Amino acid sequence: MAAAATCGTGAGSTGSMVAAGGKNNVTSFQRRGPRASGSDSSYSRLVSIAGTRPSVRNGQLLVSTGLPALDQLLGGGLAVGTVLLIEEDKYNIYSSLLFKYFLAEGIINGHTLLVASAKEDPADILQELPAPLLDDNVKKDFDEDACNHKTAESNIKMKIAWRYQLLPKMEAGPVSSSRFGHYYDASKKMPQELIEASKWHGFFSPEKSSSTLNIEPCSLTHGYIKLLQFIQNIIYEEGFDGSNPQKKQKNILRIGIQNLGSPLWGDDICCTENGNSHSLTKFLYVLRGLLRTSLSACMITMPTHLIQNKAIISRVTNLSDTVVGLESFIGSERETNPLYKDYHGLIHIRQIPRLNNLIYDVSDVKDLAFKLKKKLFTIEKRVE
Amino acid sequence: MGAGRGKPRALPTRPQYRASAEGGSGADPGGEAGPAWSGVGGAGDVSRPRVSGRRTGACGLLPLPPTTAPNGSSGPSRDSVEWEGRSLLKALIKKAALGGEQVHILGCEVSEEEFRAGFDSSINSRLVYYDLFRDPLNWAQTGEALPGGPLGALQAMCKRTDPGPVTVALDSLSWLLLRLPCAALCQALCAMSRQHACRGGGPAAEQLCVLGLLHRELHGPGPTGALSSLAQTEVTLGGTAGQASAHILCRRPRQRPPLETLWFSVLPDLSLDLQGGPPLESQPHPDPHTPQVEPASHLTFNLHLSKREREAKDSLTLPFQFSSEKQQALLRPGPGPATSRIFYEPDAFDDLDPEDPDGDLDV
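Under an unreviewed UniProt entry, the name given to chain B is Elongator complex protein 5, and the source organism is Panthera pardus. Under the UniProt heading Pathway (unreviewed entry), the note attached to chain B is "tRNA modification; 5-methoxycarbonylmethyl-2-thiouridine-tRNA biosynthesis." The heading Sequence similarities (unreviewed entry) in the UniProt record of chain B holds the text "Belongs to the ELP5 family."

Under the annotation held in an unreviewed UniProt entry, chain A carries the name Elongator complex protein 4 and is attributed to Panthera pardus. Its UniProt record gives chain A a comment under Pathway (unreviewed entry), which states: "tRNA modification; 5-methoxycarbonylmethyl-2-thiouridine-tRNA biosynthesis."

Given below as structure tokens:
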């Protein structure tokens, strides 16, 4: 590279190889083009955005969903430009927890957040995010969790497989100093200074949509139109779609939409079977178009158990990229089933996208259950 | 700008009401349209309006013990034709009025006189009643009706409440659901609590409790599901053989919702009486005890061991079962590959003879 200046004779040629004579370079080939070690970092070949990593399978840029176990199930993380749809559990306990993990991960990584809700003020949602677990505390928590779990079984000495006694019994703990995927303590709140240092935009539907306009069927409801316009404005103004060439480091926009499809958005698919059944699907279609052309990732929680028309659920599933369903055991007959006594619910991975790929990245185990320990949310494969 | 949710207000001063034996008598199914006990589930969450419950088939009275009575939003109480919920609603209104709260009532299904019957005069003077029963469409144009129809009435009620603890009772959400789109009703109910929270002074002042009565038989699963998801506490009235019960589901934001069933009755003076359990004589269909599901019960092979089999299994010597010091020596990492030791443990069939080591060979 240092010899590029002297290779002026070859500079006019279109070839990328310049002969360098008499230099002490090892190779006589020189790469033409911007220097990788140049001072202008915006031209660096590797675009490394905080909190992202390329997928090991096809190089797709991934962000973490906030739950490393879920990242692993989705093939490494959530792809940038896609929609993750969470089908809410019946009492909306665990889905709102996943929503908060997603937002907390954005704050920790320094991403820009866009929070949209019709039920709660986004500022209130941000106040209730879980605190990140620091590395030294995490190992301690995992150790004591492992101890509590294994005390009953540690007295059994293995007769046949005695060589495995020395193997560590605990599950893979969090990797310290990981840049991708953090653990959160659900019992503590995120410190205020982290929230204030982050950049976020809130969309609270009752404030933005002032009047109840009379809309014709098959069109978007008012709340959805306003939300799409809001998202489009943010993407354009802040340059997530490359419209303003950013001089500063590129960043990811994390969009979180809570309770989409509930009556509070003005949509009546949860109330009747023959309502405006195209509003939600149109919204998802337009949203996906916005996301594909920008550096953003979106998580939507939807109360699909309330949707009366089952055809809409399948359409919604097709229009989303990744769909995860949560089913909690509260109030159902499975609560008393001894198979499920350690767990709080089941996770169903309903759909995984096939992005730039011919095959799916599905895990082989479909029986997944989750439990919310007092601090951590874990997903485990159910072993018979 | 929501000032945030108010903290749940403890209600230590709510008196325990005595209940009489009234209540729980099944009304004839063909009778009045809306007899039902409305359970008021005031759950602790303050800022969320509770939606009324549904009508279930039975009347249930649902008194909440003071320690768990939530403040703030109310729940829907469901009733049914057999079990009337309006008495419960009135009992809870009385409780709120005695507690010093402002009480606003939107009456749609029964006339004002009929609703006010049963309250004594002191309480009656404290109730603010909005009558939509007499002239819902404002044909008489007297000028005292609330403008904007039912939705306008809801919004007007919200504007007229003073800051402070308020209980709003909607005599029938079913009536409103039949006339308004469900989504608009849900939005209006949420807006009520938010506007009240905006106008309230501090967190302690913004206590809005919305009680609603819903007749479950009148609606499909859609509207009832939508209203339930908004509600903080849901009270479903039921009962067996003359005794009313209330099945309470109380949603808390981050915890599992506790489900409980209380037996109650409403006295003629509209007091609530909590009873412990179902009356002994009325157990016509006791809940069958759900048997524990045994995972290994439907297999075609036998996984259980008898006692003799277990003993035989325990006494079996395994082929590579070493003595414990050999195991420890193997588990401990040795000093290195330089030293290697040979461990030999004689088997049961070995016959060691130091003088003649090859004695067992049949040569």
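A. Inspection of the overall build of chain A at higher detail. Helix and strand counts for chain A come out as nine helices and 14 strands. Sorting the 384 residues of chain A into buried and exposed places 48% on the buried side. When the accessible area of chain A is evaluated, it comes to approximately 19700 Å², of which 53% is carbon and sulfur surface.

B. Region of interest: a nonpolar patch on the surface. All names here are of chain B. Judged by side-chain polarity, L299, F301 and L303 come together as a nonpolar surface patch covering roughly 300 Å² of accessible area. Position of L303 among the secondary structure elements: in the loop between β9 (272-275) and α8 (307-314). What makes L303 exposed here is its relative accessible area of 52%.

C. Representation of the interface of chain A and chain B. Opposite the 36 residues of chain A that make contact, chain B presents 37 residues. Regarding the contact of chain A and chain B, the summed buried area is about 3100 Å², with carbon and sulfur atoms giving 58% of it. Across the chain A-chain B interface, the total number found is zero salt bridges. Scanning the region where chain A abuts chain B turns up one residue pair in polar contact (both at pLDDT 80 or more). Only α2 (94-109) and α6 (205-208) of chain A provide two or more residues apiece to the side of chain A that touches chain B. A class-by-class count of the residues in the side of chain A that touches chain B yields 17 nonpolar, seven polar and 12 charged.

D. Inspection of the pattern of salt bridges at higher detail. All names here are of chain A. In total, this model carries 13 salt bridges over all chains according to the counting rule given. The salt bridge partner of K188 is D185, with a shortest N-O separation of 2.9 Å. The class for K188 is partly exposed, based on a relative accessible area of 46%.

E. Quick peek at helix α7 (residues 222-237) of chain A. All names here are of chain A. Here α7 is 16 residues long and its end C-alpha atoms lie 22 Å apart, about the 22 Å a rise of 1.5 Å per residue gives. Listing the buried residues of α7 in full gives H222, G223, Y224, L227, L228, F230, I231, I234 and I235. Of the surrounding secondary structure, the elements contacted by the buried residues of α7 are β5 (112-117), β8 (200-204), α6, β9 (253-257), α8 (279-292) and β10 (296-302). Phi turns positive one or two residues past the end of α7, at G239, with a value near 80°.

F. Region of the structure containing unusual backbone geometry. All names here are of chain A. The phi dihedral of N259 falls on the positive side, at around 55°, and the residue is not glycine. Relative to the elements of secondary structure, N259 occurs in the loop between β9 and α8. In this model, N356 sits at a positive phi of 55°, which is unusual for a non-glycine residue. The residue N356 is located in the loop between β12 (345-351) and β13 (368-372) in this model.

G. Here's a closer look at the sheet that holds strand β4 (residues 83-87) of chain A. All names here are of chain A. With mixed pairing, nine strands are arranged side by side in an open sheet as β8-β5-β9-β10-β4-β11-β12-β13-β14. This sheet does not close on itself; its edge strands, each paired only once, are β8 and β14 (377-381). Each strand of the sheet is rotated relative to its neighbour by a mean of 20°, with strand direction disregarded. Sheet topology note: the β13/β14 ladder contains five bridges and is antiparallel.

H. A look at the packing of aromatic side chains. Going through the model one piece at a time under the given rule, you end up with 11 aromatic pairs over all chains. Aromatic side chains B:F115 and B:F119 sit 6.3 Å apart centroid to centroid with 50° between the ring planes, which places their arrangement in the tilted category. Relative accessible area serves as the criterion here: at 0%, B:F115 is assigned to the buried category. Ring centres of B:F115 and B:Y129 lie 5.7 Å apart, and the angle between their planes is 50°; on these two criteria the pair is classed as tilted. You can see B:F115 sitting in helix α2 (residues 112-116) and its partner B:Y129 sitting in strand β3 (residues 127-131), a full 14 residues away along the chain. Members of the aromatic cluster, each reached through a chain of ring pairs, are A:Y94, A:Y101, A:Y184, A:F370 and A:F377. Seen from the ring of A:F102, A:R254 lies directly overhead, with NZ or CZ sitting 4.8 Å from the centre.

I. Expanded view of the sheet that holds strand β3 (residues 78-79) of chain A. All names here are of chain A. Spatial strand order, β1-β2-β3: three strands in an open sheet with antiparallel pairing. A strand with exactly one partner marks an edge of an open sheet, and here the two such strands are β1 (52-54) and β3. Sheet topology places β1 next to strand β2 (residues 61-63); three bridges connect them, and they run antiparallel. Bridge pairing in β2 links T52 to V63.

J. Spotlight on the environment of B:I93. Residues and elements named next belong to chain B. As for its position among the elements, I93 is in helix α1 (residues 86-98). Overall, I93 belongs to the buried group, its relative accessible area being 0%. The sequence separation of I93 and H104 amounts to 11 residues, and the corresponding C-alpha distance is 9.2 Å.

Criteria and cut-off values
Residues numbered from 1 in each chain as written. Chains lettered and ligands numbered in written order. Predicted model: local features only at pLDDT ≥ 70, side-chain atom pairs only at ≥ 80, totals over all residues. Heavy atoms only, no water. UniProt positions renumbered as here; feature names shortened; annotations may be inferred. Helix = DSSP H or I, 4+ residues; strand = E, 2+ residues; numbered from the N terminus. Buried < 20%, exposed > 50% of the residue type's maximum accessible area, 1.4 Å probe, protein only. Areas by Shrake-Rupley, 256 points an atom, 1.4 Å probe, with all protein chains shown as cover. Patch = residues over 30% accessible without salt bridge, like charges linked within 9 Å, V, L, I, M, F, W, Y side chains within 5 Å. Salt bridge = Lys/Arg side-chain N within 4 Å of Asp/Glu carboxyl O. Contact = heavy atoms within 4.5 Å. Buried area = accessible area lost by both parts, 1.4 Å probe. Polar contact = N/O pair within 3.5 Å; in protein donor to acceptor, adjacent residues only side chain to side chain. Nonpolar A, V, L, I, M, F, W, Y, C, P; charged D, E, K, R; others polar. Expected span 1.5 Å × (residues − 1). Pairing = 2+ DSSP bridges. Axes fitted to C-alpha atoms, helices over the stretch in contact; angles between N-to-C directions. Phe/Tyr/Trp six-rings, centres within 6.5 Å; stacked < 30°, edge-to-face > 60°. Lys NZ or Arg CZ within 6 Å of the ring centre and 35° of its normal.

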